[in-house]
Amino acid sequence: MSLQCGIVGLPNVGKSTLFNCLSNAKAQAANFPFCTIEPNVGVITVPDERLAKLAEMDRPPKVIPTTIEIVDIAGLVKGAGKGEGLGNKFLANIRETDAILHVLRCFDDDNVTHVDGSVDPVRDKEIIDMELQFKDLETVENRIEKVRKQAQTGKDKAAGRMYELLLQYQETLREGRSARTVKLDGKEDRKLARELFLLTDKPVLYVCNVDEASALKGNRHTEAVAAAVKTEQAGLLTVAAKTEADIAEFETFEERQLFLSEMGMEKSGVERLIKAAYSLLELETYFTTGKDETRAWTYVKGTKAPQAAGIIHTDFEKGFIRAEVIKYDDYIRYGSEAACREAGKIAVEGKDYVVRDGDIMHFRFNV
(Lines give C-alpha, C1' and ligand atoms only; values in the text may rest on other atoms or scores of the structure.)
Protein backbone atom coordinates (compact mmCIF):
# COMPACT_ATOMS: atom_id res chain seq x y z
CA MET A 1 0.00 0.00 0.00
CA SER A 2 1.71 3.16 -1.21
CA LEU A 3 0.22 6.23 0.46
CA GLN A 4 1.86 9.64 0.41
CA CYS A 5 2.05 12.67 2.66
CA GLY A 6 3.20 15.85 0.93
CA ILE A 7 5.25 18.43 2.85
CA VAL A 8 4.14 21.93 1.84
CA GLY A 9 4.76 25.49 2.99
CA LEU A 10 6.26 28.80 1.93
CA PRO A 11 9.95 28.89 0.93
CA ASN A 12 12.53 28.74 3.75
CA VAL A 13 10.24 27.39 6.49
CA GLY A 14 12.28 24.20 6.97
CA LYS A 15 10.49 21.73 4.69
CA SER A 16 13.60 20.17 3.15
CA THR A 17 15.45 20.05 6.48
CA LEU A 18 12.48 18.21 7.95
CA PHE A 19 12.28 15.92 4.93
CA ASN A 20 15.95 15.02 5.31
CA CYS A 21 15.40 14.15 8.95
CA LEU A 22 12.44 11.96 8.02
CA SER A 23 13.90 10.05 5.13
CA ASN A 24 17.68 10.51 5.41
CA ALA A 25 17.48 11.59 1.76
CA LYS A 26 19.80 14.36 0.58
CA ALA A 27 17.34 17.03 -0.45
CA GLN A 28 19.13 20.33 -0.82
CA ALA A 29 18.44 22.60 2.17
CA ALA A 30 19.53 26.06 1.09
CA ASN A 31 18.68 29.58 2.21
CA PHE A 32 16.79 30.67 -0.88
CA PRO A 33 13.38 29.97 -2.48
CA PHE A 34 12.83 27.10 -4.92
CA CYS A 35 15.90 25.07 -3.93
CA THR A 36 13.62 22.04 -4.33
CA ILE A 37 12.30 22.06 -7.89
CA GLU A 38 11.41 18.41 -8.39
CA PRO A 39 9.57 16.77 -5.49
CA ASN A 40 11.84 14.53 -3.43
CA VAL A 41 10.22 11.27 -2.37
CA GLY A 42 11.35 9.32 0.68
CA VAL A 43 10.04 5.96 1.89
CA ILE A 44 10.14 6.05 5.68
CA THR A 45 9.75 3.36 8.32
CA VAL A 46 6.91 3.78 10.80
CA PRO A 47 8.34 3.16 14.30
CA ASP A 48 6.32 0.56 16.20
CA GLU A 49 7.41 -0.84 19.56
CA ARG A 50 5.01 -3.76 19.10
CA LEU A 51 6.87 -5.05 16.03
CA ALA A 52 10.17 -4.96 17.95
CA LYS A 53 8.60 -6.85 20.86
CA LEU A 54 7.17 -9.58 18.61
CA ALA A 55 10.52 -9.97 16.82
CA GLU A 56 12.28 -10.22 20.17
CA MET A 57 9.95 -13.05 21.19
CA ASP A 58 9.93 -15.06 17.93
CA ARG A 59 13.50 -14.26 16.77
CA PRO A 60 12.83 -14.67 13.01
CA PRO A 61 15.58 -14.00 10.42
CA LYS A 62 13.43 -11.31 8.77
CA VAL A 63 11.68 -8.34 10.43
CA ILE A 64 9.77 -6.03 8.08
CA PRO A 65 8.23 -2.77 9.33
CA THR A 66 5.48 -0.83 7.64
CA THR A 67 6.26 2.32 5.64
CA ILE A 68 4.72 5.48 4.20
CA GLU A 69 5.98 7.86 1.52
CA ILE A 70 6.86 11.49 2.23
CA VAL A 71 7.06 13.95 -0.68
CA ASP A 72 9.00 17.21 -0.28
CA ILE A 73 7.19 19.72 -2.50
CA ALA A 74 8.80 23.02 -3.45
CA GLY A 75 7.69 26.17 -1.60
CA LEU A 76 4.48 27.83 -2.72
CA VAL A 77 4.19 31.61 -3.12
CA LYS A 78 1.36 34.10 -3.50
CA GLY A 79 -0.35 33.61 -6.84
CA ALA A 80 0.47 29.89 -7.08
CA GLY A 81 -3.20 29.17 -7.76
CA LYS A 82 -2.88 31.38 -10.84
CA GLY A 83 0.39 29.76 -11.91
CA GLU A 84 2.72 32.31 -10.26
CA GLY A 85 6.26 31.08 -9.49
CA LEU A 86 6.09 27.40 -10.32
CA GLY A 87 2.52 27.26 -9.01
CA ASN A 88 0.80 24.89 -11.41
CA LYS A 89 3.54 22.28 -11.08
CA PHE A 90 3.54 22.48 -7.30
CA LEU A 91 -0.24 22.26 -7.06
CA ALA A 92 -0.22 19.20 -9.31
CA ASN A 93 2.32 17.56 -6.99
CA ILE A 94 0.08 18.26 -3.98
CA ARG A 95 -2.95 16.84 -5.79
CA GLU A 96 -1.20 13.48 -6.14
CA THR A 97 -0.66 13.09 -2.38
CA ASP A 98 -3.13 11.59 0.12
CA ALA A 99 -2.50 14.03 2.98
CA ILE A 100 -0.68 17.29 3.64
CA LEU A 101 1.99 18.14 6.20
CA HIS A 102 1.87 21.94 6.27
CA VAL A 103 5.12 23.30 7.72
CA LEU A 104 4.96 26.73 9.35
CA ARG A 105 7.96 28.78 10.39
CA CYS A 106 7.64 29.47 14.11
CA PHE A 107 11.21 30.56 14.86
CA ASP A 108 13.04 33.89 14.67
CA ASP A 109 16.43 33.87 12.93
CA ASP A 110 17.88 36.89 11.13
CA ASN A 111 20.21 34.57 9.19
CA VAL A 112 17.31 32.79 7.45
CA THR A 113 15.39 35.08 5.14
CA HIS A 114 11.60 35.04 4.99
CA VAL A 115 9.96 35.39 1.60
CA ASP A 116 7.56 38.01 3.05
CA GLY A 117 10.12 39.79 5.23
CA SER A 118 8.83 38.85 8.69
CA VAL A 119 7.88 35.80 10.75
CA ASP A 120 4.11 35.37 10.96
CA PRO A 121 3.01 31.70 10.73
CA VAL A 122 -0.72 32.52 10.75
CA ARG A 123 -0.27 34.83 7.75
CA ASP A 124 1.84 32.14 6.03
CA LYS A 125 -0.85 29.53 6.67
CA GLU A 126 -3.51 31.80 5.21
CA ILE A 127 -1.41 32.40 2.07
CA ILE A 128 -1.15 28.67 1.40
CA ASP A 129 -4.82 28.09 2.28
CA MET A 130 -5.90 30.86 -0.07
CA GLU A 131 -3.88 29.47 -2.98
CA LEU A 132 -5.23 25.96 -2.50
CA GLN A 133 -8.78 27.24 -2.03
CA PHE A 134 -8.48 29.35 -5.18
CA LYS A 135 -7.49 26.28 -7.19
CA ASP A 136 -10.30 24.21 -5.64
CA LEU A 137 -12.86 26.91 -6.44
CA GLU A 138 -11.72 26.84 -10.06
CA THR A 139 -12.12 23.03 -10.09
CA VAL A 140 -15.58 23.20 -8.49
CA GLU A 141 -16.95 25.91 -10.77
CA ASN A 142 -15.73 24.12 -13.88
CA ARG A 143 -17.44 20.95 -12.67
CA ILE A 144 -20.68 22.81 -11.87
CA GLU A 145 -21.01 23.83 -15.50
CA LYS A 146 -20.62 20.21 -16.61
CA VAL A 147 -23.02 18.71 -14.05
CA ARG A 148 -25.79 21.37 -14.04
CA LYS A 149 -27.66 20.12 -17.13
CA GLN A 150 -27.58 16.48 -15.98
CA ALA A 151 -28.85 17.49 -12.55
CA GLN A 152 -31.67 19.67 -13.84
CA THR A 153 -33.27 16.87 -15.84
CA GLY A 154 -33.90 15.03 -12.57
CA LYS A 155 -33.24 11.65 -14.13
CA ASP A 156 -29.70 11.18 -12.80
CA LYS A 157 -29.87 11.10 -8.97
CA ALA A 158 -26.08 10.85 -8.60
CA ALA A 159 -25.64 13.94 -10.79
CA GLY A 160 -28.27 15.74 -8.73
CA ARG A 161 -26.49 15.00 -5.47
CA MET A 162 -23.12 15.91 -6.99
CA TYR A 163 -24.57 19.25 -8.09
CA GLU A 164 -25.83 19.97 -4.56
CA LEU A 165 -22.45 19.01 -3.13
CA LEU A 166 -20.63 21.23 -5.62
CA LEU A 167 -22.79 24.19 -4.63
CA GLN A 168 -21.90 23.56 -0.96
CA TYR A 169 -18.21 23.49 -1.83
CA GLN A 170 -18.55 26.63 -3.94
CA GLU A 171 -20.15 28.57 -1.07
CA THR A 172 -17.59 27.28 1.45
CA LEU A 173 -14.59 28.11 -0.71
CA ARG A 174 -15.92 31.57 -1.59
CA GLU A 175 -16.13 32.24 2.15
CA GLY A 176 -12.42 31.40 2.50
CA ARG A 177 -12.93 28.05 4.18
CA SER A 178 -11.38 24.75 3.12
CA ALA A 179 -13.38 21.96 1.46
CA ARG A 180 -12.78 19.57 4.38
CA THR A 181 -15.01 21.76 6.57
CA VAL A 182 -18.07 20.73 4.52
CA LYS A 183 -20.09 18.13 6.42
CA LEU A 184 -20.68 15.11 4.22
CA ASP A 185 -23.76 12.93 4.59
CA GLY A 186 -22.70 9.28 4.52
CA LYS A 187 -20.60 7.04 2.26
CA GLU A 188 -22.14 8.18 -1.02
CA ASP A 189 -21.23 11.81 -0.36
CA ARG A 190 -17.67 10.82 0.56
CA LYS A 191 -17.42 8.80 -2.63
CA LEU A 192 -18.59 11.75 -4.72
CA ALA A 193 -16.23 14.10 -2.88
CA ARG A 194 -13.25 11.85 -3.61
CA GLU A 195 -14.01 12.10 -7.34
CA LEU A 196 -13.31 15.84 -7.20
CA PHE A 197 -9.72 15.46 -5.86
CA LEU A 198 -9.95 18.79 -4.05
CA LEU A 199 -6.70 20.03 -2.53
CA THR A 200 -8.30 21.45 0.62
CA ASP A 201 -10.32 18.28 1.19
CA LYS A 202 -7.15 16.36 2.05
CA PRO A 203 -6.42 15.74 5.74
CA VAL A 204 -3.81 18.18 7.03
CA LEU A 205 -1.31 18.27 9.88
CA TYR A 206 0.15 21.67 10.73
CA VAL A 207 3.81 21.28 11.72
CA CYS A 208 5.19 24.22 13.70
CA ASN A 209 8.94 24.39 13.09
CA VAL A 210 10.48 25.99 16.20
CA ASP A 211 13.93 26.69 17.64
CA GLU A 212 15.52 24.30 20.15
CA ALA A 213 14.43 26.35 23.17
CA SER A 214 10.78 26.03 22.10
CA ALA A 215 10.83 22.30 21.27
CA LEU A 216 9.06 21.22 24.46
CA LYS A 217 6.58 23.98 25.23
CA GLY A 218 6.29 25.99 22.02
CA ASN A 219 6.29 29.78 21.86
CA ARG A 220 4.13 32.77 20.95
CA HIS A 221 4.12 31.71 17.31
CA THR A 222 2.83 28.19 18.05
CA GLU A 223 0.19 29.64 20.37
CA ALA A 224 -1.01 31.87 17.54
CA VAL A 225 -1.19 28.91 15.15
CA ALA A 226 -3.11 26.80 17.69
CA ALA A 227 -5.68 29.58 18.05
CA ALA A 228 -5.97 29.96 14.28
CA VAL A 229 -6.61 26.28 13.53
CA LYS A 230 -8.77 25.31 16.53
CA THR A 231 -11.97 25.24 14.46
CA GLU A 232 -10.41 23.24 11.63
CA GLN A 233 -10.49 19.49 11.26
CA ALA A 234 -6.71 19.34 11.42
CA GLY A 235 -3.81 18.14 13.56
CA LEU A 236 -1.07 20.26 15.11
CA LEU A 237 2.48 19.25 16.04
CA THR A 238 5.56 21.16 17.23
CA VAL A 239 8.98 20.08 15.93
CA ALA A 240 12.44 21.68 16.04
CA ALA A 241 13.72 20.63 12.59
CA LYS A 242 17.24 21.90 13.18
CA THR A 243 17.48 19.91 16.43
CA GLU A 244 16.07 16.85 14.67
CA ALA A 245 18.86 17.19 12.10
CA ASP A 246 21.38 17.10 14.97
CA ILE A 247 19.70 13.98 16.40
CA ALA A 248 19.90 12.27 13.00
CA GLU A 249 23.69 12.70 13.04
CA PHE A 250 24.11 10.31 15.98
CA GLU A 251 25.11 6.86 14.81
CA THR A 252 23.61 4.73 17.58
CA PHE A 253 20.18 4.47 19.20
CA GLU A 254 21.78 4.87 22.63
CA GLU A 255 23.40 8.19 21.63
CA ARG A 256 20.11 9.52 20.30
CA GLN A 257 18.24 8.48 23.45
CA LEU A 258 20.85 10.13 25.68
CA PHE A 259 20.53 13.36 23.69
CA LEU A 260 16.72 13.24 23.95
CA SER A 261 16.96 12.60 27.68
CA GLU A 262 19.18 15.65 28.11
CA MET A 263 16.61 17.65 26.15
CA GLY A 264 13.83 16.37 28.43
CA MET A 265 12.12 14.55 25.54
CA GLU A 266 10.87 10.95 25.52
CA LYS A 267 10.60 10.68 21.73
CA SER A 268 12.08 12.65 18.87
CA GLY A 269 9.93 15.05 16.92
CA VAL A 270 10.53 12.95 13.81
CA GLU A 271 9.10 9.84 15.46
CA ARG A 272 6.07 11.79 16.65
CA LEU A 273 5.63 13.28 13.18
CA ILE A 274 5.79 9.91 11.41
CA LYS A 275 3.19 8.46 13.76
CA ALA A 276 1.00 11.54 13.35
CA ALA A 277 1.25 11.25 9.55
CA TYR A 278 0.31 7.57 9.74
CA SER A 279 -2.71 8.44 11.86
CA LEU A 280 -3.59 11.35 9.56
CA LEU A 281 -3.99 8.88 6.69
CA GLU A 282 -6.31 6.81 8.93
CA LEU A 283 -3.90 3.90 8.77
CA GLU A 284 -3.54 1.06 11.25
CA THR A 285 -1.31 -1.99 11.54
CA TYR A 286 -1.82 -5.72 11.85
CA PHE A 287 0.97 -8.25 12.24
CA THR A 288 2.01 -11.66 11.02
CA THR A 289 4.73 -13.41 12.99
CA GLY A 290 6.45 -16.76 13.28
CA LYS A 291 9.79 -18.49 13.00
CA ASP A 292 10.45 -17.22 9.44
CA GLU A 293 9.29 -13.61 9.55
CA THR A 294 7.72 -10.92 11.72
CA ARG A 295 6.00 -8.28 9.65
CA ALA A 296 3.79 -5.22 10.03
CA TRP A 297 1.04 -4.69 7.44
CA THR A 298 -0.66 -1.36 6.76
CA TYR A 299 -4.41 -1.13 6.21
CA VAL A 300 -6.99 1.66 6.23
CA LYS A 301 -9.05 1.85 9.41
CA GLY A 302 -12.33 -0.04 9.00
CA THR A 303 -10.95 -2.69 6.62
CA LYS A 304 -12.55 -6.14 6.83
CA ALA A 305 -10.63 -9.41 7.07
CA PRO A 306 -10.76 -10.50 3.38
CA GLN A 307 -9.45 -7.12 2.17
CA ALA A 308 -6.76 -7.16 4.86
CA ALA A 309 -5.73 -10.60 3.61
CA GLY A 310 -5.57 -9.22 0.06
CA ILE A 311 -2.86 -6.79 1.17
CA ILE A 312 -0.55 -9.80 1.55
CA HIS A 313 -1.63 -11.40 -1.73
CA THR A 314 -4.70 -11.08 -3.96
CA ASP A 315 -5.20 -14.88 -3.77
CA PHE A 316 -5.70 -14.55 -0.01
CA GLU A 317 -8.69 -12.29 -0.60
CA LYS A 318 -10.14 -14.26 -3.53
CA GLY A 319 -10.05 -17.55 -1.66
CA PHE A 320 -10.63 -16.22 1.84
CA ILE A 321 -12.11 -18.80 4.23
CA ARG A 322 -11.46 -17.38 7.68
CA ALA A 323 -8.98 -15.42 9.79
CA GLU A 324 -7.42 -16.63 13.00
CA VAL A 325 -6.85 -13.62 15.22
CA ILE A 326 -4.77 -13.15 18.35
CA LYS A 327 -4.86 -9.88 20.25
CA TYR A 328 -1.42 -8.35 20.70
CA ASP A 329 -1.68 -8.22 24.51
CA ASP A 330 -2.61 -11.91 24.62
CA TYR A 331 0.37 -12.85 22.42
CA ILE A 332 2.73 -10.92 24.70
CA ARG A 333 1.16 -12.46 27.79
CA TYR A 334 1.28 -16.09 26.63
CA GLY A 335 4.45 -15.86 24.55
CA SER A 336 3.60 -17.83 21.39
CA GLU A 337 0.83 -18.85 19.01
CA ALA A 338 0.81 -22.37 20.46
CA ALA A 339 0.38 -21.06 24.00
CA CYS A 340 -2.41 -18.73 22.87
CA ARG A 341 -4.17 -21.64 21.16
CA GLU A 342 -3.91 -23.76 24.29
CA ALA A 343 -5.32 -20.90 26.37
CA GLY A 344 -8.23 -20.42 23.98
CA LYS A 345 -7.04 -16.97 22.94
CA ILE A 346 -7.30 -17.44 19.16
CA ALA A 347 -10.55 -16.15 17.69
CA VAL A 348 -11.87 -17.53 14.39
CA GLU A 349 -13.35 -14.68 12.36
CA GLY A 350 -15.26 -14.54 9.07
CA LYS A 351 -15.71 -12.15 6.17
CA ASP A 352 -17.42 -9.42 8.21
CA TYR A 353 -14.70 -9.10 10.83
CA VAL A 354 -13.30 -5.55 11.02
CA VAL A 355 -9.57 -5.74 11.65
CA ARG A 356 -8.34 -4.02 14.83
CA ASP A 357 -5.06 -2.19 15.24
CA GLY A 358 -2.45 -4.59 16.65
CA ASP A 359 -4.22 -7.81 15.62
CA ILE A 360 -1.92 -10.75 14.95
CA MET A 361 -3.47 -12.60 12.05
CA HIS A 362 -3.25 -15.90 10.21
CA PHE A 363 -5.42 -16.28 7.10
CA ARG A 364 -6.92 -19.50 5.80
CA PHE A 365 -7.74 -19.47 2.09
CA ASN A 366 -8.36 -21.77 -0.85
CA VAL A 367 -7.84 -20.84 -4.52
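Not measured: the values here are computed from a predicted model.

Concerning the packing of aromatic side chains
What the rule picks out here adds up to six aromatic pairs. Relative to Phe259, the ring of Phe250 lies with its centre 5.3 Å away and its plane at 45 degrees, an arrangement referred to as tilted. The exposure class of Phe259 is buried, given its relative accessible area of 17%. Both rings, one in Tyr286 and one in Phe363, keep their centres 5.9 Å apart while their planes meet at 85 degrees; by these two values the pair is edge-to-face. With a gap of 77 residues between them, Tyr286 in strand 8 (residues 283-289) and Phe363 in strand 12 (residues 360-365) connect regions that are remote in the sequence. Exposure class is identical for Tyr286 and Phe363. Each is buried. Through a chain of ring-to-ring contacts, three or more aromatic side chains come together here, namely Tyr286, Trp297, Tyr299, Phe320 and Phe363. Geometry around Trp297 places Arg295 over its ring, the cationic atom sitting 4.0 Å from the centre.

Overview of the environment of Tyr206
Tracing the sequence through the fold places Tyr206 in strand 6 (residues 204-209). For Tyr206, a relative accessible area of 0% gives the class buried. Taking C-alpha positions, Tyr206 is 9.7 Å from Val8, a pair spaced 198 residues apart along the chain. Dropping the residues within four chain positions of it, Tyr206 is found in contact with His102, Leu104, Lys125, Asp129, Arg180, Val229, Glu232, Ala234, Gly235, Leu236 and Leu237.

Considering the layout of surface pockets
The space that makes up the largest pocket amounts to roughly 940 Å³. Ranked by residues supplied to the lining of the largest pocket, first place goes to helix 6 (residues 186-196) with three residues. Among the residues making up the lining of the largest pocket, the classes are represented as 12 nonpolar, two polar and eight charged. Considered as a void within the structure, the second largest pocket measures approximately 690 Å³ in volume. Around the second largest pocket, the lining comprises 23 residues; the ones closest to its centre are Pro47, Arg256, Ser268, Val270 and Glu271. Among the elements that take part in the lining of the second largest pocket, helix 9 (residues 253-263) stands out by supplying four residues, more than any other.

Topic: the nonpolar core
One finds Leu22, Ile68, Ile70 and Leu101 to be the most contacted residues of the largest nonpolar core, which totals 49 residues. Examining the composition of this core, we find that six residues originate from one element, helix 10 (residues 269-280), more than from any other. In this view, Leu101 contacts Cys5, Gly6, Ile7, Val8, Ile70, Leu205, Val207, Leu273, Ala277 and Leu280; residues no more than four positions away in its chain are not counted. Membership of the second largest hydrophobic core comes to 18 residues, among which are Ile144, Ala159, Leu166 and Leu196.

With respect to the sheet that holds strand 5 (residues 99-105)
In a beta sheet, neighbouring strands are held together by backbone hydrogen bonds and run either parallel or antiparallel to one another. What the six strands build is an open sheet, ordered 2-4-1-5-6-7; its pairing is mixed. Whereas interior strands pair on both sides, the edge strands pair on one side only; in this sheet they are strand 2 (40-45) and strand 7 (235-239). The mean inter-strand angle of the sheet, taken between neighbouring strand axes irrespective of direction, is 25 degrees. Relative to strand 5, strand 1 (residues 4-8) is paired through four bridges, and the arrangement is parallel. Of the residues in strand 5, the one forming a bridge with Ile7 is Leu101. Across the sheet, helix 1 (residues 15-23) lies against strand 1, strand 2, strand 4 (67-72), strand 5, strand 6 and strand 7, angled at about 40 degrees from strand 2, the strand it touches most.

A word on the side chain of Lys15
Mapped onto the secondary structure, Lys15 falls in helix 1. Asp72 provides the closest opposite charge to the buried, salt-bridge-free Lys15, at an N-O distance of 5.4 Å. Polar side-chain contacts of Lys15 include one of 3.3 Å to the backbone oxygen of Leu10.

Looking at the packing of helix 4 (residues 121-153) against helix 7 (residues 220-229)
Helix 7 packs onto helix 4 with a crossing angle of 40 degrees between their chain directions and a minimal axis gap of 8 Å. Regarding the angle of helix 4 to helix 7, the classification is oblique. Contacts from Pro121, Val122 and Lys125 of helix 4 reach helix 7 at His221, Ala224, Val225, Ala228 and Val229. Residues of the contact of helix 4 with helix 7, tallied by class, amount to six nonpolar, one polar and one charged.

Describing the packing of helix 4 against helix 5 (residues 157-174)
Here helix 4 crosses helix 5 at 150 degrees, and the two axes come no closer than 9 Å. Taken together, helix 4 and helix 5 sit at an angle that is classed as roughly antiparallel. Seen from above, helix 4 lies across helix 5 with left-handed handedness. Contacts from Gln133, Asp136, Leu137, Val140, Glu141, Arg143, Ile144, Val147, Arg148, Gln150 and Ala151 in helix 4 reach Ala159, Gly160, Met162, Tyr163, Leu166, Leu167, Tyr169, Gln170, Leu173 and Arg174 in helix 5. Residues belonging to the contact of helix 4 with helix 5 are distributed by class as follows: 12 nonpolar, four polar and five charged.

Conventions and cut-offs
Residues numbered from 1 in each chain as written. Predicted model: local features only at pLDDT ≥ 70, side-chain atom pairs only at ≥ 80, totals over all residues. Heavy atoms only, no water. Phe/Tyr/Trp six-rings, centres within 6.5 Å; stacked < 30°, edge-to-face > 60°. Buried < 20%, exposed > 50% of the residue type's maximum accessible area, 1.4 Å probe, protein only. Helix = DSSP H or I, 4+ residues; strand = E, 2+ residues; numbered from the N terminus. Lys NZ or Arg CZ within 6 Å of the ring centre and 35° of its normal. Contact = heavy atoms within 4.5 Å. 1 Å grid on protein atoms, 1.4 Å probe; cavity = no way out; pocket = protein on both sides within 12 Å on 5 of 7 lines; lining within 4 Å. Points joined across faces, edges and corners; volume = space filled by probe spheres on them. Nonpolar A, V, L, I, M, F, W, Y, C, P; charged D, E, K, R; others polar. Core = buried A, V, L, I, M, F, W, Y, C linked by side-chain atoms within 4.5 Å. Pairing = 2+ DSSP bridges. Axes fitted to C-alpha atoms, helices over the stretch in contact; angles between N-to-C directions. Lys, Arg positive; Asp, Glu negative; His and termini not counted. Salt bridge = Lys/Arg side-chain N within 4 Å of Asp/Glu carboxyl O. Polar contact = N/O pair within 3.5 Å; in protein donor to acceptor, adjacent residues only side chain to side chain. Parallel < 35°, antiparallel > 145°, perpendicular 65-115°, else oblique. Left-handed = near helix turned anticlockwise from the far one by under 90°.

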